[in-house]
Amino acid sequence: MATPAGWASLCEKFRSAVNVSYVESKNDPETEPYRSKYAARELLEGVKQLLASEEAEGAPGEGGQEGDGEAGRLQAVRRAVVEYELGVNYTDTQECSAGEEHLVKCVKLLERHRLSRECVSLYIQAQNNLGILWSERGDIKTAQTYLESAEALYNQYMKENGSPPLDTNEHFMPQEEKLTDQERSKRFEKVCTHTLYYLAQVYQHLDMTEKAAQYCHTTLKRQLEYSGYSPVKWALNAATLSQYYLTKQCFMEARHCLAAASVIFAQAGLVPSAEDNETEQDQQDLQQRKAEIARCWIKYSLNLLQGARKLLEDNIGELDPDRQSELIAQRKKEEDEKEKGRKKAVLFGTSDLCDSILAMEEKVSCVFPLDFQEAREIFLVGQNYVSEAKEFFQVDGYVTDHIEIVQDHSALFKVLAFFEEDYERRCKMHKRRVDMLEPICVDLNPQYFLLLRRQLQFELADTYYEMMDLKVAIGNRLEELDSHTIKKINSLAQLAIKYYELFLDSLRNPDKVFPEILEEDVLRPAMVAKFHIARLYGKLITSDGLKQLENMQTSLEYYTFLVEYCEKHADAVPAIETELELSKEMVVLLPTRMERLRAKLPS
């Protein structure tokens with residue numbers, strides 16, 4: 001066996017290798033990025049040889065076949081630590097096959113001792129690294145096997161033993177430098193958190209989104225609990241997780257994630273930059289991340305309002321008062337208990353942190369708004385975050401992001417208008433949408449932003465169409481239409497037609513020919529545009545009989561196009577069933593109406 005002095009020298013050599021690998025390597029020049037890694041590898045190989053020499057002198061066995069006793073376990077774990085560090089070293093230098101070989105050796109050496117205090121943490125770390133290695137190779141299933149095995153071992157150890165296990169580097173530490181149980185526990189929990197973090201990514205790759213979200217949530221909770229996180233990264237991950245909850249209509253969970261993201265992100269501004277010369281870039285990055293979290297809040301507000309609309313609208317898209325009353329009564333009974341029970345499962349952080357998060361949550365509801373006042377409160381939260389997001393994502397430099405934020409702002413106004421009973425006020429909300437969308441649409445270069453321009457054209461057309469419908473409804477309440485109302489209805493109808501036509505023109509080929517077969521992504525919008533134009537020509541008000549006939553003829557042509565297209569392309573029918581049915585009716589009715597009108601006209 002080695003003398004105390006010899007063992008101390010060996011330990012010093014191992015610690016020097018770890019320091020070179022993880023500390024000095026950060027200062028390696030770009031021309032020699034792995035200089036320290038190669039130096040550390042030589043030191044580790046030296047430690048490995050010294051351990052082998054010791055074992056040859058007095059060890060009970062070789063090749064991982066040590067005895068089950070204390071001495072055998074001690075030899076196995078020391079060799080395994082070195083194999084592990086070599087495995088990490090080789091993978092860090094992009095030599096994955098050699099890295100895998102060493103990591104597998106580490107696992108084999110520990111196999112029979114994996115549930116002992118000395119080995120369990122190292123065994124899980126080796127499996128974590130093998131999981132990462134196979135994930136980077138694109139073999140997600142193999143990565144999943146290693147990581148799930150690591151998780152199962154953690155759970156088994158905590159159930160059967162539970163005492164804080166030794167950290168990897170303790171096997172080469174003098175007794176007086178060994179860690180406290182508290183520090184051991186903290187490091188072991190961090191190892192497990194890494195396992196869960198990697199599993200969340202694996203499940204995401206495998207499209208197991210619900211499981212991925214569950215593991216992501218657990219990871220975030222553990223990072224807060226054991227203080228092992230970067231505030232900015234943590235906040236972004238929590239904000240991203242909120243978007244998953246939105247897809248599942250879990251607004252309480254989504255709000256909690258966003259509130260936690262905002263609270264934790266606020267800590268980032270208190271953390272000084274590692275290097276003074278990076279401060280400006282760091283500030284720029286912080287501003288961008290803050291804007292990204294704001295965009296998640298916008299989506300939250302928008303989704304909550306849109307979800308409420310779906311719940312409250314009748315078959316013609318208006319608010320159903322009976323349904324509204326029913327839901328108000330139902331909510332009073334159910335919501336408090338429901339929230340109390342669910343909240344226990346999702347809360348982030350310690351009591352102090354929880355208080356800050358809960359205070360943030362109180363600023364916005366997580367239940368569907370059932371009247372205009374409730375909807376407006378959620379709208380204002382969303383609008384506030386629109387301003388925050390636009391501070392960073394300005395049109396100069398972030399065209400696409402800026403326009404998407406403006407589109408979300410427009411969508412917030414659109415859904416708020418649903419809750420407004422007064423038609424004139426509703427019209428003004430849609431006018432706000434036009435005012436924010438039209439200047440951008442006009443300035444966009446179709447050569448570079450064709451798809452975005454199409455989206456804006458269609459939305460503007462729809463907005464004008466909705467405003468025209470509202471003005472018609474207002475006019476219907478009057479005893480007689482005045483010239484101002486007629487002029488306004490015609491003006492809005494013509495503007496809607498203009499933007500629908502611009503949208504349809506964008507689908508034409510360079511020779512200005514409309515496609516015979518429409519692509520799936522534009523089929524419904526194109527057919528709806530045709531249908532709405534047909535209807536708009538029917539809504540134009542004129543006392544000129546010939547002009548009225550002309551409008552009816554144009555209307556008929558658009559209805560006919562839709563019917564004939566669906567006759568030629570039956571696969572298009574499911575996308576536009578309602579519009580097709582009404583178009584067929586109008587193709588039959590309009591010629592008769594036109595004949596009647598012709599008969600009344602002076603010859």
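Scroll up to find the structure this text is about.
I will try to describe carefully the structure that is included in this document.

Cut-off values and rules
- Residues numbered from 1 in each chain as written.
- Predicted model: local features only at pLDDT ≥ 70, side-chain atom pairs only at ≥ 80, totals over all residues.
- Heavy atoms only, no water.
- Helix = DSSP H or I, 4+ residues; strand = E, 2+ residues; numbered from the N terminus.
- Buried < 20%, exposed > 50% of the residue type's maximum accessible area, 1.4 Å probe, protein only.
- Contact = heavy atoms within 4.5 Å.
- Areas by Shrake-Rupley, 256 points an atom, 1.4 Å probe, with all protein chains shown as cover.
- Lys, Arg positive; Asp, Glu negative; His and termini not counted.
- Charge placed at Lys NZ, Arg CZ, Asp CG, Glu CD.
- Bend = angle between axes of the 7 residues up to and from the residue.
- Polar contact = N/O pair within 3.5 Å; in protein donor to acceptor, adjacent residues only side chain to side chain.
- Patch = residues over 30% accessible without salt bridge, like charges linked within 9 Å, V, L, I, M, F, W, Y side chains within 5 Å.
- Salt bridge = Lys/Arg side-chain N within 4 Å of Asp/Glu carboxyl O.
- Axes fitted to C-alpha atoms, helices over the stretch in contact; angles between N-to-C directions.
- Left-handed = near helix turned anticlockwise from the far one by under 90°.
- Nonpolar A, V, L, I, M, F, W, Y, C, P; charged D, E, K, R; others polar.
- Phe/Tyr/Trp six-rings, centres within 6.5 Å; stacked < 30°, edge-to-face > 60°.
- Lys NZ or Arg CZ within 6 Å of the ring centre and 35° of its normal.
- Core = buried A, V, L, I, M, F, W, Y, C linked by side-chain atoms within 4.5 Å.
- Expected span 1.5 Å × (residues − 1).

### A word on the overall build of the chain
Check the secondary structure of the chain and you find 21 helices and zero strands. For the chain, the spread of C-alpha atoms along the three principal axes comes to 120 × 55 × 45 Å. Among the 603 residues that make up the chain, the fraction classed as buried is 47%. Across the chain, the fraction of contacts at a sequence separation of at least 24, relative to all contacts at a separation of at least 6, is 71%. A total accessible area of about 31600 Å² is found for the chain, and carbon and sulfur atoms account for 49% of it. In the chain, 74 side chains carry a positive charge and 101 a negative one; their mean positions are 4 Å apart.

### Describing helix α17 (residues 446-476)
A bend of about 50° at Leu452 is the largest found in α17. The N-capping residue of α17, defined by a side-chain oxygen 2.8 Å from the backbone nitrogen of Gln447, is Asn445.

### Points about a nonpolar patch on the surface
On the surface, a cluster of nonpolar side chains totalling about 210 Å² of accessible area is made up of Leu478, Leu481 and Ile541. Examined against the element boundaries, Ile541 turns out to sit in the loop between α19 (520-539) and α20 (545-568).

### A few points about the packing of α17 against α19
At a closest axis distance of 11 Å, the pairing of α17 and α19 adopts a crossing angle of 35°. The element α17 and its partner α19 pack so that their crossing is left-handed. Taken together, the residues of α19 that come into contact with α17 (itself represented by Arg454, Phe458, Asp462, Tyr465, Met468, Asp469 and Val472) are Val522, Pro525, Val528, Ala529, His532, Arg535, Leu536 and Lys539. In terms of residue class, the contact of α17 with α19 is built from nine nonpolar, one polar and five charged.

### Description of the pattern of salt bridges
All told, the structure shown has 31 salt bridges when counted by the stated rule. The residue Asp401 makes a salt bridge to Arg295 at a minimum N-O spacing of 2.7 Å. With Asp401 in helix α15 (residues 399-419) and Arg295 in helix α11 (residues 279-312), this residue pair connects regions lying 106 residues apart in the sequence. On the accessibility criterion, Arg295 (17% relative accessible area) is buried. The partner of Glu326 in a salt bridge is Arg323, with the nearest N and O atoms 2.9 Å apart. Pair noted here: Glu326 and Arg323 are both in helix α12 (residues 321-346), with a separation of three residues, about one helical turn. Overlapping salt bridges, with partners in common, bring together Asp167, Glu183 and Arg187 in one network.

### Here we look at the packing of aromatic side chains
Throughout the structure, instances matching the rule amount to 26 aromatic pairs. Both rings, one in Tyr197 and one in Tyr198, keep their centres 5.6 Å apart while their planes meet at 65°; by these two values the pair is edge-to-face. Among the residues examined, Tyr197 registers a relative accessible area of 36% and is labelled partly exposed. A centroid spacing of 5.2 Å and a plane angle of 85° characterise the contact between Phe418 and Phe419, whose relative ring orientation is edge-to-face. Owing to a relative accessible area of 6%, Phe418 belongs among the buried residues under this scheme. Taken together, the ring pairs connect Phe251, Trp297, Tyr300, Phe368 and Tyr385 into an aromatic cluster. Sitting over the ring of Tyr90, Arg41 keeps its end group 3.7 Å from the ring centre. The cationic tip of Lys530 hangs over the ring face of Phe561; the distance from NZ or CZ to the ring centre is 4.2 Å.

### Considering the environment of Arg432
Take Arg432: it is sitting in helix α16 (residues 423-443). Since its relative accessible area comes to 42%, Arg432 is described here as partly exposed. Distance in space between the C-alpha atoms of Arg432 and Phe413 is 7.8 Å, their sequence separation being 19 residues. Arg432 has contacts with Gln383 and Phe413, leaving out every residue within four places of it along the chain.

### Remarks on the environment of Val82
Here Val82 shows up in helix α3 (residues 70-92). The class for Val82 is buried, based on a relative accessible area of 1%. In this structure, Val82 is in contact with Phe14, Leu44, Val47, Lys48, Leu51 and Phe172, ignoring residues within four places of it in sequence.

### Focus: unusual backbone geometry
A positive phi angle, close to 60°, is found at Asp207, a residue other than glycine. Of note, Lys512 is a non-glycine position whose phi angle comes to about 65°, a positive value. Along the chain, Lys512 falls in the loop between α18 (483-505) and α19.

### Looking at a negative patch on the surface
A contiguous patch of negative charge on the surface is contributed by Glu519, Glu520, Asp521 and Asp571. Tracing the chain through its elements places Asp521 in helix α19. On the basis of relative accessible area, Asp521 is assigned to the exposed category, the value being 59%.

### Digging into the nonpolar core
Residues Trp297, Tyr300, Phe419, Tyr500 and Leu518 are the most contacted members of the largest nonpolar core, which totals 130 residues. Looking at which element gives the most residues to this core, the answer is α11, with 13 residues. Apart from the residues lying within four places of it in its own chain, the contact partners of Phe419 are Leu305, Ala308, Arg309, Leu312, Leu319, Pro369, Leu370, Asp371, Phe372 and Ala375. Grouped together as the second largest cluster of nonpolar side chains are 49 residues, Trp7, Leu103, Tyr203 and Tyr215 included.

### Things to note about α16
Spanning 21 residues, α16 covers 31 Å between terminal C-alpha atoms, matching the ideal 30 Å at 1.5 Å per step. At Leu437, α16 is deflected by roughly 30°, the largest bend along its length, and proline Pro439 occurs up to four residues later in sequence. Looking only at α16, the buried set comprises Tyr423, Arg426, Cys427, Met429, His430, Arg433, Val434, Met436, Leu437, Ile440 and Cys441. Buried residues in α16 make contact with α14 (372-392), α15, α17 and α18. Measuring from the side-chain oxygen of the N-cap residue of α16 to the backbone nitrogen of Glu424 gives 3.0 Å; that N-cap residue is Asp422.

### Some points on the side chain of Thr168
Along the chain, Thr168 turns up in the loop between α6 (140-160) and α7 (181-205). For Thr168, a relative accessible area of 5% puts it in the buried group. At 2.9 Å, the side chain of Thr168 and the side chain of Gln125 are in polar contact. Aside from chain neighbours lying at most four places away, what touches Thr168 is Val81, Tyr84, Leu122 and Gln125.

### Brief notes about the environment of Asp443
Residue placement: Asp443 occurs in helix α16. Its relative accessible area of 66% is what places Asp443 among the exposed residues.

Function cannot be read off these values alone, since they describe shape.
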